[in-house]
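Residues per chain are reported as follows:
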Protein chains: 2
Amino acid sequence: MADVAERAGVSASTVSRTLRGLSTVSPEVRSRVEQAARELNFAVSRQAASLVTGKTGVVAVLAPTLNSWFIGSALSTLGPELRAAGMDLLVYLTPEMSARADFFERLPARRNADALLVFSFDLTDEETARLDDLQMPVIYVSQHSDGCPSVYVDDVAGARRGTQHLLNLGHRRIAFVQTIGASGFSFSSNERLIGYQQALTGAGIPLDDELVVATVVSDKRRITEAVGELLSLREPPTAIFAEQDELAASVIWTLRKGRIDVPERISVLGFDDHPLAEWSDLSTIAQSPSDIGRAAGELARSLINEPDADPARHIVLPTRLIPRGSTVPLRGDGEETAGNGAG
Amino acid sequence: MADVAERAGVSASTVSRTLRGLSTVSPEVRSRVEQAARELNFAVSRQAASLVTGKTGVVAVLAPTLNSWFIGSALSTLGPELRAAGMDLLVYLTPEMSARADFFERLPARRNADALLVFSFDLTDEETARLDDLQMPVIYVSQHSDGCPSVYVDDVAGARRGTQHLLNLGHRRIAFVQTIGASGFSFSSNERLIGYQQALTGAGIPLDDELVVATVVSDKRRITEAVGELLSLREPPTAIFAEQDELAASVIWTLRKGRIDVPERISVLGFDDHPLAEWSDLSTIAQSPSDIGRAAGELARSLINEPDADPARHIVLPTRLIPRGSTVPLRGDGEETAGNGAG
DNA sequence: GTGAAAGCGCTAACAA
DNA sequence: TTGTTAGCGCTTTCAC
């Protein structure tokens with residue numbers, strides 16, 4: 001920076017002011033400094049600047065993996081969003097338990113970021129406590145955390161809406177397939193189950209535990225088994241609501257393999273609007289990871305820059321039904337537009 | 001750090017030495033310092049340290065998006081790899097041209113990272129020149145760059161092997177479907193086409209331009225059209241080699257929609273071993289983004305820590321054939337094990 | 001094996 | 001509007 005100052009014939013302070021875009025620099029000096037900086041190919045060192053400002057200009061993200069549609073999409077929006085505000089995106093990945101333990105032990109983000117975004121974890125109380133030690137805003141994405149800022153979609157309402165869609169189509173025996181925890185990775189499953197139950201109850205349909213089965217998304221064998229359990233009920237479902245699109249796609253595949261036509265014999269509804277859903281012509285409840293990423297970025301920025309911002313602000317994003325070909329009226333006796341289809 | 005020093009009854013220098021694991025600290029003092037640091041929940045500030053060491057402890061990645069199987073998988077391995085070496089992963093995302101232009105204009109990574117990993121771009125010469133301005137190692141991933149370190153798979157050999165597989169199955173009319181540039185996003189397509197051509201030529205089969213069609217991966221209409229072109233040839237292909245699994249899956253879907261059985265009437269081969277491939281029972285040429293990420297991480301570390309390391313080291317990773325259900329012998333007259341199938 | 005002192009590159013407060 | 005000065009928190013000589 002001294003070089004630039006010398007070349008432009010000004011002091012280091014003036015260079016600093018110019019490069020930070022402060023208005024207290026005369027146009028003439030400004031252009032001289034800018035040119036000198038360009039010629040010298042100079043860029044301010046964040047490290048040095050942060051030493052005195054106390055801000056790192058970095059937002060950190062803690063995620064189990066980047067290999068996920070949701071996280072990938074959210075970060076792909078978040079990154080440019082932050083960049084536009086002059087901030088960088090730092091990623092901490094904890095695909096394994098050991099990496100995760102190490103993260104919480106050392107908290108490497110400490111002092112090296114201005115805020116931390118926590119993606120999709122089932123955190124233990126102990127881990128949450130550790131995050132409180134971090135002297136920075138911690139924002140939870142896709143999960144609630146009392147007293148902490150967070151961003152998530154209204155899973156309950158979404159699942160309620162999805163179930164209602166099936167009810168409107170005349171379905172009464174509606175199964176719910178939930179995912180079970182792939183090692184500490186939360187997918188808001190309970191909320192979705194609750195929404196499903198609320199809709200049924202609201203329609204005066206008693207809950208039937210036999211209609212709720214659980215499986216690991218990637219376990220085809222278990223999925224086959226779960227679908228088998230549903231089909232072998234005395235009164236099998238005419239519609240299946242899967243907690244995630246990927247699971248829904250597996251369910252459809254399993255059903256068709258068993259010569260059960262979808263949607264003719266069984267309607268299937270997913271959740272997420274994963275690219276797979278459009279591809280498979282799967283009706284689904286859409287959430288937008290992109291919007292979530294954007295909202296998380298804005299929240300982070302406001303928490304960093306406005307000390308008096310609400311420290312526990314929740315942003316709840318909506319979901320919306322996308323009817324496609326995998327859900328149809330039950331034997332033609334119901335229609336989405338026919339009210340709540342109770343008759 | 002002064003606090004820790006005071007609490008442990010030593011000087012700041014000693015705390016620094018202890019926390020960096022230097023051996024010139026007596027065991028007794030060491031344990032006292034470590035305990036003090038723990039009690040104070042102290043962590044060294046990278047910013048301050050890097051100011052004097054000149055190293056940031058950060059590896060930056062430039063990628064178009066995180067919403068990609070390849071990039072997501074590679075980074076999911078790279079991140080923990082770096083973390084284990086005490087380094088952080090910074091991500092620059094340029095989904096749009098404007099963000100990309102901005103990155104190359106400002107080069108925000110400059111002075112804020114120890115190395116830059118460039119993922120999957122078709123860079124212009126001008127952009128490459130800008131990266132040379134960056135006073136740090138720049139590593140190209142999934143692409144060659146003369147005189148620069150890089151990590152990639154041998155696409156030519158992989159495509160040759162894939163084509164040979166189809167030849168071995170008795171196919172002679174083998175089409176190649178290539179992808180055309182989704183805005184600056186390179187998928188090594190030319191190399192794969194070359195491998196395909198090499199294998200045909202090696203088997204004494206003349207190249208037929210009509211058997212090579214191009215399409216955008218996400219453009220279903222164009223894919224349908226391209227498949228139509230192939231099917232309407234006087235002598236249609238009996239096998240189709242798609243440059244990517246996602247494209248191969250689309251091709252299969254299109255063929256089946258047109259009542260053309262796969263693999264009975266036409267064999268289809270993909271490239272990548274995307275999760276979709278296993279799911280669709282698609283034969284493919286596998287590459288491992290995870291291995292690529294690991295190799296890139298190691299290369300970055302060696303370039304950062306060993307000033308006399310070969311500054312233009314190339315790491316070429318292998319591919320391997322994964323035969324699944326989408327490729328079968330031509331009318332039963334050939335087999336993979338029957339030599340090169342030339343007869 | 002340990003401490004004192006200098007200084008990394010920048011920004012902020014103050015003076016001019 | 002601009003320059004001067006004093007650190008930010010750490011590492012690194014260089015003494016001891």
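Residues numbered from 1 in each chain as written. Chains lettered and ligands numbered in written order. Predicted model: local features only at pLDDT ≥ 70, side-chain atom pairs only at ≥ 80, totals over all residues. Heavy atoms only, no water.

A.B. asks: Just checking my understanding: could you explain the pairing of strand 3 (residues 115-119) of chain B for this structure?
C.D. replies: Two faces, one strand: in a regular strand the side chains alternate between the faces of the sheet. Residues and elements named next belong to chain B. Burial runs high along strand 3: five of the five residues are buried. Burial along strand 3 is two-sided: Ala115, Leu117 and Phe119 facing one way and Leu116 and Val118 facing the other are all buried. Across four bridges, strand 1 (residues 58-63) lies against strand 3 in parallel orientation. Bridge pairing links Val59 to Ala115 in strand 3. Bridge count for strand 3 against strand 4 (residues 138-141) is four bridges, and the pairing is parallel. By the bridge assignment for strand 4, Val118 is matched with Tyr140. Taken together, strand 3, helix 7 (residues 125-133) and strand 4 form a β-α-β motif whose crossover is right-handed. (Buried < 20%, exposed > 50% of the residue type's maximum accessible area, 1.4 Å probe, protein only. Helix = DSSP H or I, 4+ residues; strand = E, 2+ residues; numbered from the N terminus. Pairing = 2+ DSSP bridges. Right-handed = clockwise from strand over helix to strand, strands pointing away.)

A.B. asks: In this structure, what is going on with the sheet that holds strand 8 (residues 239-242) of chain A? I would like to understand it.
C.D. replies: Backbone hydrogen bonds hold the strands of a sheet together, and the pairing may be parallel or antiparallel. Residues and elements named next belong to chain A. Overall, mixed pairing links the six strands, which are arranged 7-6-8-9-10-12 in an open sheet. At either margin of the open sheet sits one strand with a lone partner, and together these are strand 7 (212-215) and strand 12 (320-322). Across the sheet, the mean angle from the axis of one strand to that of its neighbour is 20°, orientation sign disregarded. Those strands touched by helix 8 (residues 155-168) are strand 6 (174-179), strand 8, strand 9 (267-272), strand 10 (283-286) and strand 12, and its axis lies near 160° from that of strand 9. (Axes fitted to C-alpha atoms, helices over the stretch in contact; angles between N-to-C directions. Contact = heavy atoms within 4.5 Å.)

A.B. asks: Explain the packing of aromatic side chains to me, please; I cannot follow it from the model alone.
C.D. replies: In this description, a pair of aromatic rings is defined by centroid distance and the angle of the planes. Considering all chains together, one arrives at 14 aromatic pairs over all chains under this definition. Centroid distance Trp279 of chain A to Trp253 of chain B: 6.0 Å. Interplanar angle 45°. Geometry classified as tilted. Of this pair, Trp279 of chain A sits in helix 12 (residues 275-279) while Trp253 of chain B sits in helix 11 (residues 245-257), placing the two residues on different chains. Its relative accessible area of 33% is what places Trp253 of chain B among the partly exposed residues. Here the aromatic rings of Phe176 of chain B and Tyr196 of chain B are separated by 5.0 Å at their centres, their planes lie at 35°, and the arrangement is tilted. (Phe/Tyr/Trp six-rings, centres within 6.5 Å; stacked < 30°, edge-to-face > 60°.)

A.B. asks: Could you clarify how one ought to interpret the protein's contact with DNA strand C in this entry?
C.D. replies: For DNA strand C, the set of nearby residues contains 25 residues, the closest of which are Met1 and Ser16 of chain A together with Thr14, Val29 and Arg111 of chain B. The contact atoms of DNA strand C, taken as those within 4 Å of the protein, divide so that sugar and phosphate hold 65%. Contacts to DNA strand C include Ala48 of chain A, whose backbone N or O atom sits 3.3 Å from a base nitrogen. Put simply, the parts of the chain that give the surface near DNA strand C at least two residues each are helix 2 (12-19) and helix 4 (46-53) of chain A together with helix 2 (12-19) and helix 4 (46-53) of chain B. Here the surface near DNA strand C takes five residues from helix 4 of chain A, the largest share from any one element. A class-by-class count of the residues in the surface near DNA strand C yields 12 nonpolar, nine polar and four charged. (Near = heavy atom within 4 Å. Polar contact = N/O pair within 3.5 Å; in protein donor to acceptor, adjacent residues only side chain to side chain. Nonpolar A, V, L, I, M, F, W, Y, C, P; charged D, E, K, R; others polar.)

A.B. asks: Would you take a moment to explain helix 11 (residues 245-257) of chain A for this structure?
C.D. replies: Because each turn of an α-helix spans 3.6 residues, side chains separated by three or four positions in sequence point in the same direction. Residue and element names in this part refer to chain A. The terminal C-alpha atoms of helix 11 lie 18 Å apart, and with 13 residues this matches the ideal 18 Å at 1.5 Å per residue to within 8%. Every buried residue belonging to helix 11 is among Asp245, Leu247, Ala248, Ala249, Ser250, Val251, Ile252, Thr254 and Leu255, and all of these are buried. Residue Arg259 follows helix 11 closely and has a positive phi angle near 65°. (Expected span 1.5 Å × (residues − 1).)

A.B. asks: I would appreciate a short explanation of the protein's contact with DNA strand D in the present structure.
C.D. replies: Around DNA strand D sit 24 residues, and of these Ser13, Val29 and Arg111 of chain A together with Ser16 and Arg20 of chain B come closest. Taking all atoms of DNA strand D within 4 Å of the protein, the share assigned to sugar and phosphate is 66%. The separation between a phosphate oxygen of DNA strand D and a polar main-chain atom of Ser26 of chain A is 2.7 Å. Breaking the surface near DNA strand D down by element, the ones donating at least two residues are helix 2 and helix 4 of chain A together with helix 2 and helix 4 of chain B. When residues in the surface near DNA strand D are grouped by element, the largest group, five residues, is from helix 4 of chain B. Per-class residue counts for the surface near DNA strand D are 12 nonpolar, nine polar and three charged.

A.B. asks: Sorry, what's going on with the relation of the copies chain B and chain A here?
C.D. replies: Look at the two chain copies: a rotation about an axis and a shift along it is all it takes to match them. Under the fitted operation, chain B is carried onto chain A by 0.1 Å of movement along the axis and a turn of 180°, and the coordinates agree to an RMSD of 0.2 Å. Taken together, the rotation and translation describe the operation of a two-fold axis. (Least-squares fit on C-alpha atoms with pLDDT ≥ 70 in both.)

A.B. asks: How should I be thinking about the side chain of Thr18 of chain B in this particular structure?
C.D. replies: Residue and element names in this part refer to chain B. Position of Thr18 relative to the elements: it lies in helix 2. The exposure class assigned to Thr18 is buried, which follows from its relative accessible area of 3%. Dropping the residues within four chain positions of it, Thr18 is found in contact with Val25, Arg30, Val33 and Glu34.

A.B. asks: How should the UniProt feature "domain: HTH lacI-type" (unreviewed entry) in chain A be read in this particular structure?
C.D. replies: Per the UniProt entry, the sites bearing "domain: HTH lacI-type" (unreviewed entry) are residues 1-53 of chain A in this numbering. Strand forms 0% of residues 1-53 of chain A and helix 68%; the C-alpha atoms that close the span are 17 Å apart. (UniProt positions renumbered as here; feature names shortened; annotations may be inferred.)

A.B. asks: Looking at this structure, how should I read the packing of helix 10 (residues 220-231) of chain B against helix 11 of chain B?
C.D. replies: The packing of two helices is summarised by the inter-axis angle and the distance between the axes. Residues and elements named next belong to chain B. Remark: helix 10 packs on helix 11, axes separated minimally by 10 Å, with the N-to-C direction vectors making an angle of 65°. When the interaxial angle is binned, helix 10 and helix 11 end up roughly perpendicular. Where helix 10 crosses over helix 11, the handedness of that crossing is right-handed. Every residue of helix 11 that contacts helix 10 at Lys220, Ile223, Thr224, Val227 and Leu231 is listed here: Leu247, Ser250, Val251, Trp253, Thr254 and Leu255. Per-class residue counts for the contact of helix 10 with helix 11 are seven nonpolar, three polar and one charged. (Parallel < 35°, antiparallel > 145°, perpendicular 65-115°, else oblique. Left-handed = near helix turned anticlockwise from the far one by under 90°.)

A.B. asks: What is the right way to read unusual backbone geometry from this model?
C.D. replies: Backbone phi values are negative for most residues with the exception of glycine, while trans is the configuration of most peptide bonds. A cis amide bond links Val262 of chain A to the next residue, Pro263 of chain A, at an omega of 10°. Following the sequence through the fold, Pro263 of chain A ends up in the loop between helix 11 and strand 9. In this model, Arg259 of chain B sits at a positive phi of 65°, which is unusual for a non-glycine residue. Along the polypeptide, Arg259 of chain B turns up in the loop between helix 11 and strand 9 (267-272). Given the relative accessible area of 73%, Arg259 of chain B is considered exposed.

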